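# Remarks on the overall topology
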Amino acid sequence: MKIRKPIIFKGIMLALCLVLGMNAWGQTHYKPRVSIGGKAGVSMGRLELSPSVPQSYLMGTTGAVTFRFAEEKLFGLVAELGWTQRGWKEDFEESPLQYSRTLTYINMPIMTQIIFGSRRFKCFINLGPEVGYMISNSISANFDYTDLSSVHDWPERRRMTEQLNMEVKNKFDYGITAGIGFEFYVKPKHSITLEGRYYYGLGNVFPSTKADTFSASRNSAIEVTMGYYFRLR
């Protein structure tokens, strides 16, 4: 069956009018929201090494100054500038040996936010890229990790040890972060948030050429934070 061009043209014009009408309605009935705030909480970090190393999560702190802009009812943009402590903790099982390495970063995630819920209580999902720069690298151990031959209780099972005293090559880090949380409005312009977030780094901390010990050494972390937002408009 042959369809005439005027019918197609009228259909396109009708669809265009509907889209423009919905956009005009949204602009009339919804005012953009701009909020600033802050958050703080705990971070649990690991270093994804290849070859792998027995390890457990390293507890640290995290916090940020936050900015949020929502032009649509269900979508917004969140930008943060803060700090976070990552790294890893060696797992020696039942041995009394202890070793942890804390990597502290200034970080800046920029995320798309999906918002849904009621006027007083909302849920949100954050997703986007994150960049960071290491400002501190500290080691805590109860043995001499620079001379393992002097450690009498060193485990007999063979394990990677090069990471214990390896120099950091890349202070710049980048990756992807995603989180889910809740927001409760105490007053129309004041709200409190609770969020759980996961970060997966795409850059390597240690050297990663074919001649190096580790082919991958990427940060990963779980963060749980409480925050406060004040709506400017």
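Shown above is the structure to which this text applies.
Everything in this summary refers to the structure shown in the same document. Just so you know, these numbers come straight off a predicted model, no measurement behind them.

Another point: the overall build of the chain. In terms of helices and strands, the chain carries one helix and nine strands. The secondary structure elements of the chain, listed N-terminal to C-terminal, are α-β-β-β-β-β-β-β-β-β. By residue count, 37% of the 233 residues in the chain fall in the buried class. Within the chain, contacts between residues at least 6 apart in sequence are counted, and of these 70% link residues at least 24 apart. Working note: accessible area of the chain is about 14,200 Å², and carbon and sulfur atoms make up 63% of it.

Let us look at the nonpolar core. Formed by 18 residues in total, the largest nonpolar core has its most connected members in V205 and F206. Counting residues per element, the ones that place at least two in this core are β1 (33-50) and β5 (99-117). For this core, the leading source of residues is β5, giving three residues. Once residues lying within four places of it in the same chain are set aside, the contact partners of F206 are L47, L49, W88, R101, Q163, M166, E167, V168, K169, N170, F214 and S217.

Our focus in this paragraph is the side chain of S220. On the secondary structure map, S220 appears in strand β9 (residues 216-231). Side-chain polar atoms of S220 contact the side chain of E48, separated by 2.9 Å. Excluding anything up to four places from it in sequence, S220 contacts M44, G45, R46, E48, Y198, Y199 and Y200.

Okay, the pattern of salt bridges next. Side chains bearing opposite charge may pair, as long as their charged atoms lie close to each other. Under the counting rule described, the total for this entry stands at eight salt bridges. Measuring nitrogen to oxygen at the nearest pair gives 2.8 Å for the salt bridge that ties E183 to R68. Of this pair, E183 sits in strand β7 (residues 172-187) while R68 sits in strand β3 (residues 58-70), and the two are 115 residues apart along the sequence. What makes E183 buried here is its relative accessible area of 2%. You can call R68 buried: its relative accessible area is 6%. Across the salt bridge formed by R86 and E130, the nearest N and O atoms sit 2.9 Å from each other. You can see R86 sitting in strand β4 (residues 75-90) and its partner E130 sitting in strand β6 (residues 121-141), a full 44 residues away along the chain. In terms of burial, R86 and E130 fall into one category: buried. Because the salt bridges share partners, they merge into one network encompassing K39, E80, E195 and R197.

With that settled, the discussion passes to the side chain of D173. Tracing the sequence through the fold places D173 in strand β7. One buried charge, D173, has no salt-bridge partner; the nearest side chain with opposite charge is R86, at 4.2 Å. Engagement of the side chain of D173 in a polar contact is seen with the side chain of Y199, the distance being 2.9 Å.

Looking now at the packing of aromatic side chains. With the rule as written, the count across this model stands at 10 aromatic pairs. Where F92 meets W154, the ring centres are 5.6 Å apart and the plane angle is 70°; that geometry is what we call edge-to-face. With a gap of 62 residues between them, F92 in the loop between β4 and β5 and W154 in the loop between β6 and β7 connect regions that are remote in the sequence. Centroid distance F121 to F182: 6.0 Å. Interplanar angle 20°. Geometry classified as stacked. Taken as a pair, F121 in strand β6 and F182 in strand β7 lie far apart in primary sequence, 61 residues in all. Assessed through its relative accessible area of 40%, F121 is described here as partly exposed.

This paragraph deals with unusual backbone geometry. In this structure, the amide linkage connecting S50 to the following residue, P51, adopts the cis form with an omega of 5°. Looking at the secondary structure, you find P51 in the loop between β1 and β2 (55-56). Notably, E93 is not glycine yet its phi reads approximately 55°, a positive angle. Looking at where E93 falls in the secondary structure, it is placed in the loop between β4 and β5.

Here is what the cut-offs are and how they apply
Residues numbered from 1 in each chain as written. Predicted model: local features only at pLDDT ≥ 70, side-chain atom pairs only at ≥ 80, totals over all residues. Heavy atoms only, no water. Helix = DSSP H or I, 4+ residues; strand = E, 2+ residues; numbered from the N terminus. Buried < 20%, exposed > 50% of the residue type's maximum accessible area, 1.4 Å probe, protein only. Contact = heavy atoms within 4.5 Å. Areas by Shrake-Rupley, 256 points an atom, 1.4 Å probe, with all protein chains shown as cover. Core = buried A, V, L, I, M, F, W, Y, C linked by side-chain atoms within 4.5 Å. Polar contact = N/O pair within 3.5 Å; in protein donor to acceptor, adjacent residues only side chain to side chain. Salt bridge = Lys/Arg side-chain N within 4 Å of Asp/Glu carboxyl O. Lys, Arg positive; Asp, Glu negative; His and termini not counted. Phe/Tyr/Trp six-rings, centres within 6.5 Å; stacked < 30°, edge-to-face > 60°.

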